[in-house]
Amino acid sequence: RFVSQSLADLQKKIPNSAFLIMQESALACFKQLNSIFSINEIWSYEETGIAKTFNRDKQIKVWCHTAQIKWSEYATGAVKRGLNNRSSWDKHWHNTMRQPVKDIDIDSINWLQLPEKSTLSLPLFEIPEHWLTNHPNFQKGGPEAALAELESFFVLRGKNYASALSSPSASRDGCSRLSAYLAWGNISLREAYQTLI
């Protein structure tokens, strides 16, 4: 539900002709797209998650090398992989967090026109309508919801953060509730940090 709402929020900003949700392994999806478009380069964040997603990325790396596709990965959340020590971590983190947040002009992008869905061999995923409705027991996904949650924390809920942090029941309201939004790319750590300062 959260991921579907996040995608639906993103879809409002992107032309339908350039938005596609494929339902298969990442490697199979890239192979399908490459057979249609002949991919030159892939951009992504560096993996900082769990073994399953790290192994997925290792498969993608091998495939990119074999298919002669350049893969450019970028650090996220100021995380530097493979450090032997953390002696300069704090300085690097603050420097990264203070860099400007890019304001992307969506309207100026020359969007790729996707092929007819009938030409794709992999299954597409249509978001069930009931996943897009709000549920009282779940946080709503999407960048707009992330910004609203951030605002409510800084303006109101964060006032009780110190006392609510360690309480399972009080932390539901007293903590930021940004984890899912950060994990699924609804908002960046830099955006949250710069909203605070």
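As the structure is a computational prediction, the values presented were derived from the model and not from experiment.

Definitions and limits used
- Residue indices begin from 1 for each chain and proceed along its sequence in written order.
- In keeping with the predicted nature of the model, local features appear solely for residues at pLDDT of at least 70, side-chain atom pairs appear and are counted solely at 80 or more, and the whole-chain, interface and lining totals rest on all residues.
- The side-chain quantities take in all heavy atoms of the structure and omit both hydrogens and water.
- Every helix listed is a DSSP run of H or I at least four residues long, and every strand listed is a run of E at least two residues long, numbered separately from the N terminus.
- The buried label goes to any residue with under 20% of its type's maximum accessible area, the exposed label to any with over 50%, and the partly exposed label to all in between, with areas taken from a 1.4 Å probe on protein chains only.
- Only one rule defines a salt bridge in this text: a Lys or Arg side-chain nitrogen within 4 Å of an Asp or Glu carboxyl oxygen.
- Think of pLDDT as the predictor's per-residue confidence, scored from 0 to 100.
- Axes here mean lines fitted to C-alpha atoms, for a helix over just the part in contact, with angles spanning 0 to 180 degrees between N-to-C directions.
- Oblique is the label for every angle not falling under 35 degrees (roughly parallel), over 145 degrees (roughly antiparallel), or within 65 to 115 degrees (roughly perpendicular).
- Contacts: residue pairs with any heavy atoms within 4.5 Å of one another.
- Here the term charged refers only to Asp, Glu, Lys and Arg, the term nonpolar to Ala, Val, Leu, Ile, Met, Phe, Trp, Tyr, Cys and Pro, and the term polar to all other amino acids, Gly among them.
- The pairing criterion for strands is at least two bridges between them, as found by DSSP.
- Orient the strands so they point away from the viewer, and a crossover whose first-strand-to-second-strand path over the helix runs clockwise is right-handed.
- Between 30 and 60 degrees the pair is tilted, below 30 it is stacked and above 60 it is edge-to-face, where a pair is any two Phe, Tyr or Trp rings, Trp via its six-membered ring, whose centres lie within 6.5 Å.
- Residues qualify for a patch when their relative accessible area is over 30% and they have no salt bridge, like charges being joined within 9 Å and the nonpolar side chains of Val, Leu, Ile, Met, Phe, Trp and Tyr within 5 Å.
- The method behind every accessible area is Shrake-Rupley, applied with a 1.4 Å probe, and residues are considered shielded solely by the protein chains displayed.
- Count a disulfide wherever a pair of cysteine sulfur atoms falls within 2.5 Å.

**A few points about the environment of aspartate 105**
Next, step 1: Within the secondary structure, aspartate 105 is located in the loop between helix H4 (89–97) and helix H5 (143–155).
Next, step 2: For aspartate 105, a relative accessible area of 46% gives the class partly exposed.
Next, step 3: Counting along the chain gives ten residues from aspartate 105 to proline 115, while the straight-line C-alpha distance between them is 24 Å.

**Some details on the pattern of salt bridges**
It is possible for side chains bearing opposite charge to pair when their charged atoms get close.
Next, step 1: Considering all chains together, one arrives at nine salt bridges under this definition.
Next, step 2: Residue lysine 13 pairs with glutamate 144 through a salt bridge whose shortest N-O separation is 4.0 Å. Taken together, the residues span a long stretch of sequence, with lysine 13 in the loop between helix H1 (2–11) and helix H2 (26–37) and glutamate 144 in helix H5 at a distance of 131 residues.
Next, step 3: Here lysine 13 falls in the partly exposed class, since its relative accessible area comes to 37%.
Next, step 4: On the basis of relative accessible area, glutamate 144 is assigned to the partly exposed category, the value being 48%.
Next, step 5: Among the ionic pairs, aspartate 57 bridges to arginine 56, the shortest N-O distance being 2.8 Å.

**Thoughts on the confidence of the model for the protein**
Next, step 1: Of all residues in the protein, 99% have pLDDT values of 70 or greater, and the mean over the chain is 89.
Next, step 2: Per-element mean pLDDT across the protein ranges from 89 in helix H7 (residues 171–174) up to 95 in helix H3 (residues 51–67).

**Considering the packing of H4 against helix H9 (residues 189–196)**
Next, step 1: Across the interface, H4 lies against H9 with an axial gap of 9 Å and an inter-helix angle of 80 degrees. On the basis of their axis angle, the class for H4 and H9 is roughly perpendicular. Contact with H4, carried on its side by Trp93, His94, Thr96 and Met97, involves Leu189, Arg190, Tyr193 and Gln194 of H9 and no other residues of that element.
Next, step 2: Looking at the contact of H4 with H9 residue by residue, the class counts come to four nonpolar, three polar and one charged.

**Looking at the pairing of strand S2 (residues 70–74)**
Next, step 1: Summarising the sheet, strand S1 (residues 41–45) and S2 pair through five bridges and their orientation is parallel. The residue bridging tryptophan 43 from the neighbouring strand is serine 72, located in S2.
Next, step 2: In this fold, S1 hands off to H3, which returns the chain to S2; that crossover is right-handed.

**Details of the packing of aromatic side chains**
Next, step 1: The final tally for this structure, using the stated rule, is seven aromatic pairs.
Next, step 2: Cluster of aromatic residues (ring-pair linked, three or more members): Trp89, Trp93 and Tyr193.

**A short note on a nonpolar patch on the surface**
Next, step 1: A cluster of nonpolar side chains, Phe154, Val155, Leu156, Leu196 and Ile197, forms an exposed patch at the surface whose accessible area comes to about 510 Å².
Next, step 2: One can find leucine 156 in the loop between H5 and helix H6 (161–164).

**What about the packing of H2 against H3?**
Each pair of packed helices can be summarised by the angle the axes make with each other and by the distance between the axes.
Next, step 1: Their axes nearest at 9 Å, the elements H2 and H3 cross at an angle of 30 degrees. By the angle between their directions, the pair H2 and H3 is classed as roughly parallel. Listed contacts from H3 to Ala26, Leu27, Phe30, Lys31 and Asn34 of H2 are Arg56, Gln59, Ile60 and Trp63.

**Digging into the side chain of serine 4**
Next, step 1: Residue placement: serine 4 occurs in helix H1.
Next, step 2: Judged by relative accessible area, which is 5%, serine 4 ranks as buried.
Next, step 3: Excluding residues that lie within four positions of it along the chain, serine 4 makes contacts with Ile127, Trp131 and Leu132.

**Notes on the state of the cysteines**
Next, step 1: Here the structure, examined in full by the defined rule, presents zero disulfides.
Next, step 2: Residue cysteine 29 stays outside any disulfide, its sulfur separated by 14 Å from that of cysteine 64, the closest cysteine.
Next, step 3: Judged by its relative accessible area of 11%, cysteine 29 falls in the buried class.

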